Each structure stands twice: as structure tokens, then as C-alpha cells.
Amino acid sequence: APANSNATILLATTLMNGNHPAELRESFTLLDDAARARPPVAVMARLYQGEIRLRLGDAAGARKIWSDQLVKMPADDPRRTMYESKLAGVKSPP
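The structure presented is a predicted model; accordingly, all values stated were derived computationally and were not measured.

(A) Expanded view of the environment of leucine 31. Mapped onto the elements, leucine 31 comes out in helix α2 (residues 21–37). Along the sequence, leucine 31 and alanine 12 sit 19 residues apart, while their C-alpha atoms lie 6.1 Å from each other. Not counting chain neighbours up to four residues away, the residues in contact with leucine 31 comprise Ala12, Ala45, Tyr48, Gln49 and Ile52.

Below, the structure written as C-alpha cells:
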């Protein structure tokens, strides 16, 4: 159901629970589609996309996604702490 963003999000979060790189990449794409179709879900979609990048071995990509989204968020958004925690847990390159 490509037009059903709820189904897209459900499929994406299911796929991201696996360890197969192709499924993780598909989940990343589905989350991107869902974020564009429903802007209110973009904050959580970007958080999950960072997790996927990290699981695929792309710490720099995860940091970029989380940093970029954090800059867009209002200072009083309670979800900021999730992003800050994720960023704190990813080591910066030397």
C-alpha cells in the first residue's frame, strides 16, 4: 500500500529490526518516503534513519542525519534529548 503512509512506516520499522543490509537500506528508503509524505513523522523517521546508518557501519552518516535534524528542531522539543543522546553515543572521527 504505497499510498498508505502508516503501512509504509510499519514496514520500515519492521525491516529495520533485522540485520540484513538490503532490508536496512529498504527501511531507510521507506522512512524517507514516509517523512516526505507526512512531515509530522519526519523527526522520528530521521532518528531511525540514523540508527540504520549506524548499523550499516556509517557512523559519519548517522551523525550527519542526527545533527541536521537537531538543528531544525525547536529548543523546547522534548525529542531533542533522543537526538542528543544518540549523538553523544557516536564517536567523532579523530
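(B) Seen up close, the pattern of salt bridges. Applying the stated rule across the entire model yields 8 salt bridges. The closest approach of N and O atoms between arginine 36 and aspartate 33, which form a salt bridge, is 3.4 Å. Of this pair, arginine 36 and aspartate 33 both sit in helix α2, separated by 3 residues, roughly a single helical turn. The exposed category is assigned to arginine 36, whose relative accessible area is 56%. Using a relative accessible area of 33% as the deciding quantity, one classes aspartate 33 as partly exposed. In this structure, glutamate 51 and lysine 86 form a salt bridge, with 2.9 Å as the shortest nitrogen-oxygen distance.

(C) Seen up close, the packing of helix α1 (residues 5–15) against α2. Orientation of α1 relative to α2, taken along the N-to-C sense of each, is 150°, at an axis distance of 8 Å. Looking at the two axes, α1 sits roughly antiparallel to α2. You can see that α1 and α2 cross each other, and the crossing is left-handed. Residues Thr8, Ile9, Leu11, Ala12, Thr13 and Leu15 of α1 touch α2, and the partners they reach there are Glu23, Leu24, Glu26, Ser27, Leu30, Leu31 and Ala34. Residue classes in the contact of α1 with α2 are distributed as 8 nonpolar, 3 polar and 2 charged.

(D) Geometry of the packing of helix α4 (residues 59–72) against helix α5 (residues 80–89). Axis separation between α4 and α5 bottoms out at 10 Å; the angle between their running directions is 150°. Viewed along their axes, α4 and α5 adopt a mutual orientation that is roughly antiparallel. In this structure, α4 crosses over α5, and the sense of that crossing is left-handed. In contact with Arg63, Trp66, Ser67, Gln69 and Leu70 of α4, α5 contributes Arg80, Tyr83, Glu84, Lys86 and Leu87. Per-class residue counts for the contact of α4 with α5 are 4 nonpolar, 2 polar and 4 charged.

(E) Geometry of the environment of arginine 46. Residue placement: arginine 46 occurs in helix α3 (residues 42–55). Counting along the chain gives 22 residues from arginine 46 to aspartate 68, while the straight-line C-alpha distance between them is 9.3 Å. In contact with arginine 46, not counting residues within four places along its chain, are Asp32, Ala35, Ile65, Trp66, Gln69 and Tyr83.

Calculation notes
- Residues numbered from 1 in each chain as written.
- Predicted model: local features only at pLDDT ≥ 70, side-chain atom pairs only at ≥ 80, totals over all residues.
- Heavy atoms only, no water.
- Helix = DSSP H or I, 4+ residues; strand = E, 2+ residues; numbered from the N terminus.
- Contact = heavy atoms within 4.5 Å.
- Salt bridge = Lys/Arg side-chain N within 4 Å of Asp/Glu carboxyl O.
- Buried < 20%, exposed > 50% of the residue type's maximum accessible area, 1.4 Å probe, protein only.
- Axes fitted to C-alpha atoms, helices over the stretch in contact; angles between N-to-C directions.
- Parallel < 35°, antiparallel > 145°, perpendicular 65-115°, else oblique.
- Left-handed = near helix turned anticlockwise from the far one by under 90°.
- Nonpolar A, V, L, I, M, F, W, Y, C, P; charged D, E, K, R; others polar.

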